[in-house]
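Structural overview
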Amino acid sequence: MSEAKDKLIEKYEALGENANTYLEGLYHSRPITYWDYIEVETLLSLQRPRTDFKDETIFIMYHQVTELLLKMLRHELEQVVEAEGVTEEFLLTKLSRMARYTKMLITSFDIMKDGMDHGDYNEFRKALTPASGFQSAQFRYIEILCTRLENLVNEPGRLRLGNDPGVEEYFEHIYWRDAGLDRETGKKTLTMKLFEEKYLASFIQLAKGAQGRTLEEKVMALGDPSPALIESLREFDRLYNVEWPQVHLRTAEHYLTGKGQVKAATGGSQWKKYLHPKFQQRKFFPGLWSEEERQQWGG
Ligand code: HEM
């Protein structure tokens, strides 16, 4: 006890503060509780459906669960980007956590496909237009922290890029603009317009700060990654950029196709093509895949 007290006194003295005042404060402080610490009540107050369809609450909550998992992924990635002199061991730990979070996303997605009433979903989704999961900023932050911007430009986009493009130019041609920008007329869907107004500046700022420090570049700096690290990187790339998009696409097909009809998505993209991994060919670590594997990306 006296050792703990001495350490506390030392701590406050180093801050130029009187330790006694802080210790006396403990007489009055309430014990911490689970509900305060986890902010349970705040968390459970965040579901505000816009219709009376019961399954809309499931839809909102599952998106919120996804955003929390994306935040866990981001949390790992931010540590990778900020760390100096990373080791293989550090990267392997981070990648194994990231793979685990992504597996949670993949294996739970059927809550969206089989956990809601088909007819009700197709009714309440009309009240959500033009909002779309496409507008998830965290999904874009993760891409920016994982890889160089040139890997986020698809093949037609690469042909449009000038020599030595800067960050802003990469964003003009980034793959996801294909979901809502008509490049011939310059016309954007409202989904895209609102998304860019809110977040584009923050994407550009993050990309500038992460230049030379993304996960991909941290691996490159190691020089000669071990087979175990290469395997972890490939696993994460496959989970995040093939398997997760595939379950997502299957869910979209479940609700938006049928009777020879293809319904419009709330975000207004040519979604069948846009969501299929083989069309975007999004890869965080393209150098780790053979030509044949690239050809077969997403099946
Ligand atoms: C019934 C469930 C869902 C359906 C039918 C669906 C459908 C779609 C469609 C059609 C798109 C293409 C953009 C558009 O035109 O709107 C899209 C994009 C997207 N959705 Fe979903 N979605 C569902 C659930 C989710 C969930 C739970 C999330 C989690 C946040 C999510 C996140 C995203 C993201 C991040 C994109 C952009 C993907 C990319 O750019 O590669 N979606 N979704």
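Reference entry: report on the structure contained in this document.

Re the side chain of glutamine 138
Looking at the element boundaries, glutamine 138 is found in helix α9 (residues 137-146). Of the residues examined, glutamine 138 reaches a relative accessible area of 10% and is grouped as buried. One polar contact links the side chain of glutamine 138 to the main-chain carbonyl oxygen of glutamate 67, over a distance of 2.7 Å. Residues within four places of glutamine 138 in sequence aside, it is in contact with Glu67, Leu70, Lys71 and Arg74.

Let's talk about the coordination of the iron atom of the ligand
Coordination of the iron atom of the ligand by the protein comes from a single atom, His248 (NE2), at 2.2 Å. With respect to the helices, strands and loops of the structure, histidine 248 is situated in helix α14 (residues 227-256).

Quick word on the layout of surface pockets
For the second largest pocket, the calculated volume is near 600 Å³. Contributing to the lining of the second largest pocket are 25 residues, with Asn154, Glu155, Phe279, Gln280 and Gln281 lying nearest its centre. Considering every element that reaches the lining of the second largest pocket, the biggest residue donor is helix α10 (residues 155-160), with five residues. Its residues assigned to classes, the lining of the second largest pocket shows eight nonpolar, seven polar and ten charged.

Some details on a nonpolar patch on the surface
Residues Ile32, Tyr34, Trp35, Tyr37 and Ile38 make up a contiguous nonpolar surface patch of roughly 670 Å² in combined accessible area. With respect to the helices and strands, tryptophan 35 occurs in helix α3 (residues 34-38). Its relative accessible area of 49% is what places tryptophan 35 among the partly exposed residues.

Describing the site of the ligand
In the region of the ligand, 26 residues are neighbours, and Ser132, Arg140, His248, Ser269 and Tyr274 sit closest. Interatomic distance of 2.7 Å between a side-chain N/O atom of serine 269 and an oxygen atom of the ligand. Taken together, the elements giving at least two residues each to the shell around the ligand come down to α5 (55-82), α9, α14 and α15 (271-274). Looking at the shell around the ligand residue by residue, the class counts come to 15 nonpolar, nine polar and two charged.

Re the packing of α5 against α14
Each pair of packed helices can be described by the angle between their axes along with the distance between the axes. As a packed pair, α5 and α14 sit with axes 15 Å apart at the nearest point and diverge in direction by 155°. Our classification of the angle between α5 and α14 gives roughly antiparallel. Both α5 and α14 take part in a crossing whose hand is left-handed. Of the residues in α14, those touching α5 at Thr66, Leu70 and Leu73 are Phe236, Tyr240 and Trp244. Class assignment of the residues belonging to the contact of α5 with α14 gives a composition of five nonpolar, one polar and no charged.

Some thoughts on unusual backbone geometry
As a rule of thumb, non-glycine residues mostly have phi less than zero, and peptide bonds are mostly trans rather than cis. Cis geometry is adopted by the peptide bond preceding proline 130, which originates at threonine 129 and carries an omega value of 5°. Mapped onto the elements, proline 130 comes out in the loop between α8 (118-124) and α9. One non-glycine residue, glutamate 39, adopts positive backbone phi at about 55°. Along the chain, glutamate 39 turns up in the loop between α3 and α4 (40-44). The partly exposed category is assigned to glutamate 39, whose relative accessible area is 46%.

Thoughts on the environment of glutamate 217
Inspection of the secondary structure puts glutamate 217 in helix α13 (residues 215-222). Note on glutamate 217: relative accessible area 18%, which makes it buried. Expressed as a C-alpha distance, the spacing of glutamate 217 and valine 81, which sit 136 residues apart in the sequence, is 9.2 Å. In contact with glutamate 217, not counting residues within four places along its chain, are Arg148, Ala210, Gln211 and Gly212.

Focus on the pattern of salt bridges
For the structure on display, the rule yields 20 salt bridges. When the shortest N-O distance is used, the salt bridge between lysine 7 and glutamate 3 registers 3.8 Å. Here the residue lysine 7 and the residue glutamate 3 both occupy positions in helix α1 (residues 2-14), the gap between them amounting to four residues, near one helical turn. A salt bridge links glutamate 231 to arginine 234, with the shortest nitrogen-to-oxygen separation between them at 3.7 Å. Placement of both glutamate 231 and arginine 234 in helix α14 is noted, with a separation of three residues, approximately one turn of the helix. Glutamate 231 gets classed as partly exposed once you look at its relative accessible area, which sits at 46%.

A look at α1
With 13 residues, α1 ought to run about 18 Å at 1.5 Å a step, and its terminal C-alpha atoms sit 18 Å apart, in line with that. Directly after α1, the chain includes glycine 16, whose backbone phi takes a positive value near 75°.

Some points on the packing of aromatic side chains
Scanning all chains against the criterion turns up 25 aromatic pairs. Pairing phenylalanine 59 with tyrosine 121 gives two aromatic rings, centres 5.6 Å apart and planes at 50°, and the pair type is tilted. Here tyrosine 121 lies in helix α8 and phenylalanine 59 lies in helix α5, a separation of 62 residues in the sequence. One exposure class covers both phenylalanine 59 and tyrosine 121, and it is buried. One aromatic cluster is present, formed by Phe134, Tyr141, Tyr175, Trp176, Phe195, Tyr199, Phe203 and Tyr274 through successive ring pairs. Looking at arginine 234, its charged tip hangs above the ring of tryptophan 289, at a distance of 4.2 Å from the centre. Above the ring of tryptophan 297, the side-chain terminus of lysine 283 is found at 4.9 Å from the ring centroid.

Reading the values: the criteria
Residues numbered from 1 in each chain as written. Predicted model: local features only at pLDDT ≥ 70, side-chain atom pairs only at ≥ 80, totals over all residues. Heavy atoms only, no water. Helix = DSSP H or I, 4+ residues; strand = E, 2+ residues; numbered from the N terminus. Buried < 20%, exposed > 50% of the residue type's maximum accessible area, 1.4 Å probe, protein only. Polar contact = N/O pair within 3.5 Å; in protein donor to acceptor, adjacent residues only side chain to side chain. Contact = heavy atoms within 4.5 Å. Donors = N, O, S within 2.8 Å, 3.2 Å for Na, K, Ca; no water. 1 Å grid on protein atoms, 1.4 Å probe; cavity = no way out; pocket = protein on both sides within 12 Å on 5 of 7 lines; lining within 4 Å. Points joined across faces, edges and corners; volume = space filled by probe spheres on them. Nonpolar A, V, L, I, M, F, W, Y, C, P; charged D, E, K, R; others polar. Patch = residues over 30% accessible without salt bridge, like charges linked within 9 Å, V, L, I, M, F, W, Y side chains within 5 Å. Areas by Shrake-Rupley, 256 points an atom, 1.4 Å probe, with all protein chains shown as cover. Salt bridge = Lys/Arg side-chain N within 4 Å of Asp/Glu carboxyl O. Near = heavy atom within 4 Å. Axes fitted to C-alpha atoms, helices over the stretch in contact; angles between N-to-C directions. Parallel < 35°, antiparallel > 145°, perpendicular 65-115°, else oblique. Left-handed = near helix turned anticlockwise from the far one by under 90°. Expected span 1.5 Å × (residues − 1). Phe/Tyr/Trp six-rings, centres within 6.5 Å; stacked < 30°, edge-to-face > 60°. Lys NZ or Arg CZ within 6 Å of the ring centre and 35° of its normal.

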